[in-house]
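Residue strings, one per chain:
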Amino acid sequence: MPEYDFNDKVAFISGAARGQGRSHAQHYARHGADVVVTDVGHNFEAVPYDMGTSDELEETAQMVEDEGQQALAIEMDVREEDQVESAVEEALDEFGRIDFLANNAGLWPMSDMTEMDEAEWDVVIDTLLKGVWLCSKHVGKHFIDRGDGGKIVSTSSTAGLVGAPGTGHYTAGKHGVVGMTKTLALELAEYDVNVNAVCPTALDSPGMTNFMEAYGPEMLEEIGELTGPMNVLEPGEMIESRDISEAYMWLSSDAARYVTGIALPVDAGATSK
Ligand SMILES: NC(=O)c1ccc[n+]([C@@H]2O[C@H](COP(=O)([O-])OP(=O)(O)OC[C@H]3O[C@@H](n4cnc5c(N)ncnc54)[C@H](O)[C@@H]3O)[C@@H](O)[C@H]2O)c1
């Protein structure tokens, strides 16, 4: 594992109760950062599988402390500006600074676009687009005020680069994350802030397990018939959270100081076909 020096730095992560967000928290802490872990802490009516819980969020905070770093756990829905603003304020009161914003929160209920209802569209678009904007807005303001640079990494998806049947809202939202990343990279460059996105292929996380239980194997078989095997490396396998955390660590480090505005596929070759 590469060594990065994140001592005296602070990471702020959305969707950190479990899965990739939890893994990012552990990785930032291992490299010396203190970590603010946030998650919504409740389910959504329009999404038929469970979100992360408050207990899981506390467990993530404990894992950061087990790495010898300080943690702050905050319940925050990325769709709500007052919650995002007060979480950023609380983080700054506690640690005095934020250096890394990890826009990780996301969800992926499935419907064909001709059958999707408005509530499902709204929760996906608001979480993926408004959520990334609001967190970037409030942490970005802090980066500008402090005048000492910063890093924003957002999780898009292979569905942010190509179409994905059954997920029109998700595909639109994740393409939007790539567009926002490029625009934020241009707007924040003069403040020495790097802004990048990571695009994972199918990944084994608690959200993915819950999703598969909720929809059953038929849905996935149907999609598989349309798309064929996704990955070129290890077809049929899912990647792991640590594969994305490693990309996050590199993009948050000085090793990537001249990398900004990119959407980095970590996709086992899925989008190179
Ligand atoms: N798992 C995959 O196959 C895959 C592939 C590509 C991209 N992604 C993306 O990776 C990111 C992490 O997903 P994961 O696989 O770890 O899933 P996960 O469901 O295990 O974790 C996602 C977390 O986000 C939280 N969340 C959802 N909506 C929220 C909201 N409005 N406000 C605050 N928190 C919210 C959930 O409670 C959950 O704890 C997501 O953006 C997802 O879209 C996942």
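Residues numbered from 1 in each chain as written. Predicted model: local features only at pLDDT ≥ 70, side-chain atom pairs only at ≥ 80, totals over all residues.

1. Regarding the site of the ligand
We apply this condition: In this text, near has one meaning. A residue is near a molecule or strand if its C-beta atom, placed using the backbone, is within 6 Å of it. Counting from the N terminus, the helices are DSSP H or I runs at least four residues long and the strands are E runs at least two residues long. Note on residue categories: nonpolar means Ala, Val, Leu, Ile, Met, Phe, Trp, Tyr, Cys or Pro, charged means Asp, Glu, Lys or Arg, and polar means any other residue, Gly included.
Neighbouring the ligand are 30 residues, the closest being Gly-15, Gly-19, Gly-52, Gly-106 and Gly-207. Put simply, the parts of the chain that give the shell around the ligand at least two residues each are α1 (19-30), α4 (118-146) and α6 (206-227). Across the shell around the ligand, the residue classes break down as 12 nonpolar, 14 polar and 4 charged.

2. Focus: the pairing of strand β5 (residues 150-155)
Cut-off, in case you're wondering: With C-beta atoms placed from the backbone, the exposure class of a residue follows from how many other C-beta atoms lie within 10 Å of its own: 20 or more, buried; 12 or fewer, exposed; in between, partly exposed. Pairing between strands is defined by DSSP: at least two bridges between them are needed. Look down the strands so they point away from you; if going from the first strand over the helix to the second traces a clockwise path, that crossover is right-handed.
Burial analysis of β5 places 6 of its 6 residues in the buried class, the great majority of the element. Side chains Gly-150, Ile-152 and Ser-154 project from β5 onto one buried face, and the interleaved Lys-151, Val-153 and Thr-155 project onto a second face that is buried too. Note: strand β4 (residues 100-103) against β5, 4 bridges, orientation parallel. Of the residues in β5, the one forming a bridge with Phe-100 is Lys-151. Viewed along the sheet, the connection from β4 through α4 into β5 turns out right-handed.

3. Digging into unusual backbone geometry
Phi is positive for Asp-8, which is not a glycine, with a value near 65°. Even without being a glycine, Glu-234 presents a positive backbone phi close to 50°. Mapping Glu-234 onto the fold places it in the loop between α6 and α7 (241-252).

Everything listed is a geometric property; what it means functionally is a separate question.
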